[in-house]
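Architecture and fold: a report
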Amino acid sequence: MSALLARTGRHRQRYENNVRLVSGCIPYRIRKDTNEETNELENRIQVLMVSSPNRTDLVFPKGGWENDETVYEAACREAIEEAGVKGILREVPLGIWEFRSKSKQDPCTLEGGCKGFMFALKVTEELESWPEQKNRDRKWLSIKEAFESCRYEWMREALGIFLGVVEEDKRPEMQEQMMELSSMPVSEVVADCTMLSSNCCSKPVNGQHNGVIPFPWQIPLKGLPLT
């Protein structure tokens, strides 16, 4: 049984114009496979989704942003409570989405309205037990599987932006590796590449996703009702 306890109740809940403020994240890890089929970064990224209580659909960990914590602390807390993971949170949000709580579907009332701040969380620790373990299962998925599992359009939109952000963040690291390689003596470069394809050392770094992925500043922030 987990020694950590999940927060309950909404007496500390933040609201803005009667809209509940929510903070969440997309937890992820990058596999180090070197197989040809999984060499592309998109194929090596796995994201963690959790089941909703008494439901079979999968969601990203998220919950109410409370008045005694920052939006970043709220996202990290929800990751621990709902998914049992800790990690490094990317401070720039993926975006802000407006949606309705799944229990409040009436579009003619403000009740159940939420404004969600979503972040990327690079997982560094996966707990064996966590506060909401009895009510939620967690599952690591490929990007393709996660897109197929997202029940709501706003989640798919967040996932698309997440993929673009991770690929952009990895680009400097890839460029640095290429620069280190280019500074090596030719004989060493050839030796290091004997087991790889003939163009491996001169292949240009390309962090662009095959599909056009909009970044947060390129998309309008709009309300997306849950259907």
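Thresholds applied
Residues numbered from 1 in each chain as written. Predicted model: local features only at pLDDT ≥ 70, side-chain atom pairs only at ≥ 80, totals over all residues. Heavy atoms only, no water. UniProt positions renumbered as here; feature names shortened; annotations may be inferred. Helix = DSSP H or I, 4+ residues; strand = E, 2+ residues; numbered from the N terminus. Expected span 1.5 Å × (residues − 1). Buried < 20%, exposed > 50% of the residue type's maximum accessible area, 1.4 Å probe, protein only. Contact = heavy atoms within 4.5 Å. Phe/Tyr/Trp six-rings, centres within 6.5 Å; stacked < 30°, edge-to-face > 60°. Lys NZ or Arg CZ within 6 Å of the ring centre and 35° of its normal.

The protein chain goes by Nudix hydrolase domain-containing protein in an unreviewed UniProt entry, where it is assigned to Manihot esculenta. Here is the UniProt Cofactor (unreviewed entry) comment for the protein chain, exactly as written: "Mg(2+)". Among the UniProt annotations of the protein chain, the heading Sequence similarities (unreviewed entry) holds the following wording: "Belongs to the Nudix hydrolase family."

1. Considering helix 2 (residues 71–83)
With 13 residues, helix 2 ought to run about 18 Å at 1.5 Å a step, and its terminal C-alpha atoms sit 18 Å apart, in line with that. For helix 2, the tally of buried residues reaches 10 of 13 residues, placing the bulk of the element in the interior. For helix 2, the complete set of buried residues consists of Val71, Ala74, Ala75, Arg77, Glu78, Ala79, Ile80, Glu81, Glu82 and Ala83. Its buried side turned inward, helix 2 meets strand 2 (19–30), strand 3 (45–51), strand 5 (62–64), strand 6 (85–89), strand 8 (113–126) and strand 9 (138–142). Directly beyond the C-terminal end of helix 2, a positive phi value near 65° is found at Gly84.

2. Here's the deal with the packing of aromatic side chains
Throughout the structure, instances matching the rule amount to 5 aromatic pairs. Aromatic pair Trp65 and Phe117: ring centres 5.7 Å apart, planes at 85°, arrangement edge-to-face. With a gap of 52 residues between them, Trp65 in the loop between strand 5 and helix 2 and Phe117 in strand 8 connect regions that are remote in the sequence. Here Phe117 falls in the buried class, since its relative accessible area comes to 17%. Arranged with centres 6.3 Å apart and planes meeting at 40°, the rings of Trp97 and Trp154 form a pair that is tilted. Residue Trp97 is found in strand 7 (residues 95–100), and its partner Trp154 is found in helix 4 (residues 153–182); the two are separated by 57 residues along the sequence. Overall, the relative accessible area of 2% leaves Trp154 in the buried class. Put simply, the rings of Trp97, Phe99 and Trp154 touch in pairs and so form one group of aromatic residues. A cation over an aromatic ring shows up here: Arg29 above the ring of Trp140, its NZ or CZ 4.0 Å from the ring centre.

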